[in-house]
Amino acid sequence: MARRFALSLLLLFIALPAWAAPTWQSLPPQSQALLAPFAQEWASMPAHRRDRLAKLAEQYPTLPPAQQARLRARLGEWATLTPEQRAKARDNYRKWQNLTPAERERLVQARRSASAVASAPTPHRRGH
């Protein structure tokens, strides 16, 4: 009897995140507007991602305008990625999280240097 109760309790805790994840209809209109790029895939999205996006949408009004604009742009960009591109982005993020602060800083500096070189004007040659 105790074993059956423990098993039932375990199954309940396993299923709880799926029940807790918000449905599209349960989101407030402001959240639906922000998360509109995900409307078509919302129902098929894993519960933990729906929950994370819903919490992000809740925090959105408290962000400064510049951060709100950045978040809107990023959500729009993310929604246009293919599943393969999203998987690669998640993998890259996990790799980034595992780097030491020194390794991160080195990569940031390398990216800035490469960006500066790429955007530098090319010299004009005369007589050619």
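Model, not experiment: these values are computed from the prediction.

Conventions and cut-offs
Sequence positions are assigned chain by chain, starting from 1 and proceeding in written order. Only residues with pLDDT of at least 70 get local features here, since the model is predicted, and only at 80 or more are side-chain atom pairs given and counted; chain-wide, interface and lining totals rely on the full set of residues. The side-chain figures draw on all heavy atoms in the structure; neither hydrogens nor water molecules are used. Secondary structure elements are defined from DSSP: runs of H or I of at least 4 residues count as helices, runs of E of at least 2 residues count as strands, and each element is numbered from the N terminus. Each residue is placed in one exposure class: buried if its accessible area under a 1.4 Å probe, protein chains only, is under 20% of its type's maximum, exposed if it is over 50%, and partly exposed if it falls in between. Each accessible area is a Shrake-Rupley estimate made with a 1.4 Å probe; only the visible protein chains count as cover when residues are assessed. In these notes, a set of buried Ala, Val, Leu, Ile, Met, Phe, Trp, Tyr and Cys residues joined through side-chain atoms within 4.5 Å is what counts as a nonpolar core. Should any heavy atoms of two residues lie within 4.5 Å, those residues are counted as being in contact. Whenever Lys or Arg places a side-chain nitrogen within 4 Å of a carboxyl oxygen from Asp or Glu, that contact is recorded as a salt bridge.

Tallying secondary structure elements over the protein gives six helices and zero strands in all. Going from the N terminus to the C terminus, the protein shows its helices and strands as α-α-α-α-α-α. Within the protein, the fraction of its 128 residues that count as buried is 16%. Looking at the protein as shown, the accessible area adds up to about 10600 Å², and 60% of this sits on carbon and sulfur atoms.

Attention now goes to the nonpolar core. A general feature of soluble globular proteins is that nonpolar side chains tend to end up buried together. Ranked by internal contacts, the top residues of the largest apolar core, which has 13 residues, are Leu27, Leu34, Leu35, Phe38, Trp42, Leu53 and Leu75. Breaking this core down by element, the ones donating at least two residues are helix H3 (47-59) and helix H4 (65-80). A per-element tally of this core places H3 first, with three residues. Apart from the residues lying within four places of it in its own chain, the contact partners of Leu27 are Pro22, Gln32, Leu35, Trp42 and Ala54.

Inspection of every chain in the model, using the stated rule, returns three salt bridges. Close ionic contact of Glu41 with Arg86 constitutes a salt bridge, the shortest N to O distance being 2.8 Å. In this pair, Glu41 is assigned in the loop between helix H2 (29-34) and H3 and Arg86 in helix H5 (residues 83-97), connecting sequence segments 45 residues apart. Residue class for Glu41 comes out partly exposed when judged on its relative accessible area of 25%. Since its relative accessible area comes to 9%, Arg86 is described here as buried. Lys55 is the salt-bridge partner of Asp51, the closest N and O atoms lying 3.1 Å from each other. Pair noted here: Asp51 and Lys55 are both in helix H3, with a separation of four residues, about one helical turn. The class of Lys55 is partly exposed, set by a relative accessible area of 45%.

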